[in-house]
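# Coordinate inspection notes
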Amino acid sequence: MKHFAIFGSHPRLSSAELSLTLGKTAHIQNLGSAAIIEDASWDGGKAMNRLGGTVKVGDVILETTITELQPERLAAMIIERPRGSRIVFGLTTYGVSGMNKKLDKLGLALKRALQNEGKSARWVTSRESIGLSPAAVAKLDLTRDGYDLAILVAGRKVFVGLTTNVQDATAWSERDYGRPSRSEEAGMLPPKLARMMVNLAELPSRGVLFDPFCGSGTILMEAALATDAKKIIGSDIESAQIKATNSNLDWLMKERILSTDDVGRFKVFQSDARKLESGIDNESVDAVVTEGSLGPLLKGSESRDVLEKNANELIKLWRETLVTLRGLLRPHGRIVCIWPTFVTSRGSAHVSLSAKEISELGYSQIGSPLLYERPNQRVKRNIVVLQSRHCEP
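A few points on the structure. (Residues numbered from 1 in each chain as written. Predicted model: local features only at pLDDT ≥ 70, side-chain atom pairs only at ≥ 80, totals over all residues. Heavy atoms only, no water.)

### Regarding the environment of Asn248
Within the secondary structure, Asn248 sits in helix α10 (residues 239-254). For Asn248 and Met221, which are 27 residues apart along the polypeptide, the C-alpha to C-alpha distance reads 8.3 Å. Residues in contact with Asn248, not counting those within four places in the same chain, are Arg179, Pro180, Ser181 and Ser216. (Helix = DSSP H or I, 4+ residues; strand = E, 2+ residues; numbered from the N terminus. Contact = heavy atoms within 4.5 Å.)

Take a look at the structure:
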């Protein structure tokens, strides 16, 4: 059986996360905002719990073409899968560029086809252009007592999917807004982005993960939830951030989001990332996942010269930090980090290192940066993946 995944607001980043999480044995057909998956070891619930950038997953129940996609056939497939006395369904189309009149009318046509079969049917719609949100699907319990249909278009072919699992919006929101220590002014790393970064790191089973700019502990939190890491280490130059991290980790235990048995997995200490004096052994870290500094808070009127000065300071910080991290990483260990782009009404500046500089520091860059941004933000996040280069004996 084939399966599908629906991506969130950053499809390219979500697609990269999905590919690395499922592994090389899975065959993935990318449709832009969604993907068709062939994976012998597929587990929809497990995938949904692991992924940060995927909002829905499910099973493909029909492969056809747009011309052969008939509402009567869909009605028959729903009737074959009885769920409750009344049929409640949502229907969302993905992968279509431009308007398609047949697909636009498919929801209403399906409702009429069900009524023609003597079935009471309710078609649930949304004001959102992307169709029913995961929260709406969960609220209506459409994965158990109804039907959330995904119509995925790939050229002339159409895959009809039935959603089995959706992202738990309440749990993500709780870890974002419900934790005791968070600061909008300091810049908050969204838990979903932290989770995607952890998954991009490809941490081996029972591995060691390190965040040298841990802030309030978002990456540490998501690493504990998403992996079986035996050790999750965090450091920060500011004592206030270490206090915030410990407060948030304590909250995770108190709220039973993590077990008290997880306490031993964490190690948090104060240190400058460029001069780590923590007792971390050389080549003991399997992956580094970190946001790093995003520079001074921008008001929006800074000149290009000011932005370039900020960027150059961060570039210097990263050069020095990468030298330190190089000694801690195991052979071929990954660093997943964020190099920001600053944008104001008067210009922009970008934090980056050239391929030559990266190589001279002992790393190679994997792929191109993956952009994470929100509307009207002055700081755009570029997710960069580096891998340590070790000479073979």
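Let us keep going from here.
### Thoughts on the sheet that holds strand β8 (residues 157-166)
Each strand in a sheet pairs with another by means of backbone hydrogen bonds, the pair being arranged parallel or else antiparallel. Strands sit in the order β2-β3-β1-β4-β8-β7-β5-β6 across an open sheet of eight strands; the sheet is mixed. Because the sheet does not close on itself, it has two edges, and the strands there are β2 (27-30) and β6 (121-124). Strand-to-strand twist in this sheet, taken as the mean axis angle between neighbours without regard to direction, amounts to 30°. Across six bridges, the pairing between strand β5 (residues 87-94) and strand β7 (residues 147-154) is parallel. Residue pairing across strands places Tyr94 opposite Leu152, the latter belonging to β7. Here helix α1 (residues 11-22) sits on the sheet and contacts β1 (3-7), β2, β3 (34-38) and β4 (54-65); the angle it forms with β1, its principal contact strand, is near 140°. (Pairing = 2+ DSSP bridges. Axes fitted to C-alpha atoms, helices over the stretch in contact; angles between N-to-C directions.)

### A short note on the packing of aromatic side chains
Evaluation of the coordinates by the stated rule reveals three aromatic pairs. A centroid spacing of 6.5 Å and a plane angle of 10° characterise the contact between Phe210 and Phe269, whose relative ring orientation is stacked. Pair noted here: Phe210 is in strand β9 (residues 208-211) and Phe269 is in strand β11 (residues 266-270), with a separation of 59 residues, a long-range link. There is no split in this pair, since Phe210 and Phe269 are both buried. (Phe/Tyr/Trp six-rings, centres within 6.5 Å; stacked < 30°, edge-to-face > 60°. Buried < 20%, exposed > 50% of the residue type's maximum accessible area, 1.4 Å probe, protein only.)

### Here's the deal with the side chain of Glu291
Looking at where Glu291 falls in the secondary structure, it is placed in the loop between β12 (285-290) and α11 (304-328). In this structure the side chain of Glu291 is engaged in a polar contact, spanning 2.5 Å, whose partner is the side chain of Arg381. (Polar contact = N/O pair within 3.5 Å; in protein donor to acceptor, adjacent residues only side chain to side chain.)

### A few points about the pairing of β12
Among the six residues that make up β12, six are buried, leaving the element largely enclosed by the rest of the structure. Of the strand pairs in this sheet, β9 and β12 are connected by two bridges, and their pairing is parallel. Within β12, the residue paired with Leu209 across the bridge is Ala287. One ladder, built from five bridges, connects β12 with strand β13 (residues 329-344); its direction is parallel. Looking across to β13, one finds that Val289 is bridged to Val336. Where the polypeptide runs from β12 across α11 and back to β13, its parallel neighbour, the crossover connection is right-handed. (Right-handed = clockwise from strand over helix to strand, strands pointing away.)

### A short note on the pattern of salt bridges
Counting across every chain of the model gives 19 salt bridges. Here Lys380 ties to Glu373 by a salt bridge, and the two come within 2.5 Å at their closest N and O atoms. Take Glu373: its relative accessible area is 31%, and that puts it in the partly exposed class. Within this structure, Asp272, Arg274, Lys316 and Glu320 form a network of salt bridges that share partners. (Salt bridge = Lys/Arg side-chain N within 4 Å of Asp/Glu carboxyl O.)

### What to know about the nonpolar core
Residues Leu193, Phe210, Leu322, Ile335, Trp339, Tyr363 and Ile383 are the most contacted members of the largest nonpolar core, which totals 69 residues. Sequence-distant contacts of Leu322, defined by excluding residues within four places in its chain, comprise Ile335, Trp339, Leu353, Leu361, Tyr363 and Leu386. Of all hydrophobic cores here, the second largest spans 24 residues; its members include Met77, Phe89, Leu110 and Val160. (Core = buried A, V, L, I, M, F, W, Y, C linked by side-chain atoms within 4.5 Å.)

### As for helix α5 (residues 106-116)
One full turn of an α-helix is made of 3.6 residues, so residues set three or four places apart face in the same direction. Listing the buried residues of α5 in full gives Leu106, Gly107, Leu110, Ala113 and Leu114. Looking down the long axis of α5, one finds its buried residues gathered within 120° of arc, a one-sided arrangement. Across from the buried face of α5, at angles greater than 90 degrees, the exposed residues are Arg112 and Asn116. Where α5 ends, the next residue or the one after it, Gly118, has phi of about 80°, a positive value. (Arc of directions from axis to C-beta.)

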